[in-house]
Amino acid sequence: MAKTPIYMPKFGMTMTRAEITGWYVKEGDKVTAGMPILSIETEKTNVDVEAPADGYVTKPLFAEGDEAEVGAILLYVAETLEEARSESDADGTAVGEPQPGQAPVLTETVPAEGEALSGIRKRIAENMRASLQNSAQLTHMRTVEADAFCAWKESLSGVSLTDLFVKQFAV
């Protein structure tokens, strides 16, 4: 009688945690290997996490909307329904209690104004703000004689206006 843990996977070198966006199963549900168990959202993508083995799922250790560190145990797949519904795992730790090495649940911060962002949108906003604060802001304007430019474009084949604009502004 063994339980197979399902860990928060790592998808990329910089990934440290992900948000659980949905559970497809609940405690006691029968699953087969390869069946989607839950959906997570990383900094760059949404991914389904699959069951590593056939069996019955235990109570999830994280709720929908929680963030978990890479490597944290999310739930277990037990061999029998009774084992899945038991109150403790093989080590005697109550199901639902934090596991050793499991990261604390992180909560969203709500901006002072507007709608709260989460997941990918939150990270995009953070990156855009960092870019704005850490780089020089510059606007470059130039006047271009468009009549000659358009006539020149008509005499060329296989060249787009974008190609010509890039050439014109690079001069």
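This section reports on the structure supplied with the text. Along each chain, residue indices are assigned from 1 in the same order as the chain's sequence is written. Given that this is a predicted model, residues contribute local features only at a pLDDT of at least 70 and side-chain atom pairs are listed and counted only at 80 or more, while totals for whole chains, interfaces and linings are drawn from all residues. Side-chain measures were taken over the full set of non-hydrogen atoms in the model, leaving aside hydrogen atoms and water.

## Quick notes on a nonpolar patch on the surface
Here's step 1: Taken together, Leu161, Phe165 and Phe169 make up a surface patch of nonpolar side chains, about 270 Å² in accessible area.
Here's step 2: Counting from the N terminus, the helices are the DSSP runs of H or I reaching at least four residues and the strands are the DSSP runs of E reaching at least two. Along the polypeptide, leucine 161 turns up in helix H4 (residues 161-170).
Here's step 3: Remark: exposure states derive from per-residue accessible area (1.4 Å probe, protein chains only) relative to the maximum for the residue type, with buried under 20%, exposed over 50%, and partly exposed in between. For leucine 161, a relative accessible area of 39% puts it in the partly exposed group. Patches in this entry comprise residues that are over 30% relatively accessible and not in a salt bridge; like charges within 9 Å are linked, as are nonpolar side chains (Val, Leu, Ile, Met, Phe, Trp, Tyr) within 5 Å. To be clear on the numbers: accessible area is Shrake-Rupley with a 1.4 Å probe, and residue cover counts the displayed protein chains and nothing else. Every case where a carboxyl oxygen of Asp or Glu lies within 4 Å of a side-chain nitrogen of Lys or Arg is listed as a salt bridge.

## Notes on the pattern of salt bridges
Here's step 1: Throughout the structure, instances matching the rule amount to three salt bridges.
Here's step 2: Where glutamate 69 meets arginine 17, a salt bridge forms, and the shortest distance between an N and an O atom there is 3.9 Å. Of this pair, glutamate 69 sits in strand S7 (residues 67-69) while arginine 17 is found in strand S2 (residues 17-23), placing the two residues 52 residues apart along the sequence.
Here's step 3: Aspartate 29 serves as the salt-bridge partner of lysine 26, at 3.5 Å between the closest nitrogen and oxygen.
Here's step 4: The network of salt bridges with common partners includes Arg17, Glu67 and Glu69.

## Some thoughts on the sheet that holds S7
Here's step 1: Strand pairing is assigned whenever DSSP identifies at least 2 bridges connecting the two strands. Spatially, S5-S4-S2-S7 is the arrangement adopted by the four strands of the open sheet, whose pairing is antiparallel. Both outer strands of the open sheet, strand S5 (46-50) and S7, are each paired with one neighbouring strand and no more. Shown here is a sheet whose adjacent strand axes are inclined to one another by a mean of 40 degrees, direction ignored.
Here's step 2: Judged from the five bridges that link them, strand S4 (residues 36-41) and S5 form a sheet pairing that is antiparallel. Pairing of glutamate 41 across the sheet is with asparagine 46, part of S5. Axis lines are fitted to C-alpha atoms, over the contacting stretch for helices. Their N-to-C directions set the angle, which ranges from 0 to 180 degrees.

## A closer look at the side chain of serine 39
Here's step 1: Relative to the helices and strands, serine 39 resides in strand S4.
Here's step 2: Side-chain atoms alone can form a polar contact between residues adjacent in sequence; in general such a contact is a pair of N or O atoms within 3.5 Å, and within protein one must be able to donate a hydrogen while the other accepts it. Only 2.6 Å separates the side chain of serine 39 from the side chain of threonine 21, close enough to count as a polar contact.
Here's step 3: Not counting residues up to four positions away in its chain, the partners in contact with serine 39 are Glu19, Ile20, Thr21, Gly22, Tyr24, Val47 and Asp48. Between two residues, a contact is recorded if the distance between any of their heavy atoms is within 4.5 Å.

## Section: the sheet that holds strand S8 (residues 73-78)
Here's step 1: Here we have four strands laid out as an open sheet, ordered S1-S8-S6-S3, and antiparallel in their pairing. Both edges of this open sheet fall to strand S1 (3-7) and strand S3 (30-31), since each of them pairs with a single strand only.
Here's step 2: Where strand S6 (residues 55-57) and S8 come together, two bridges link them in antiparallel fashion. Among the inter-strand pairings, tyrosine 56 is bridged to a residue of S8, identified as alanine 78.

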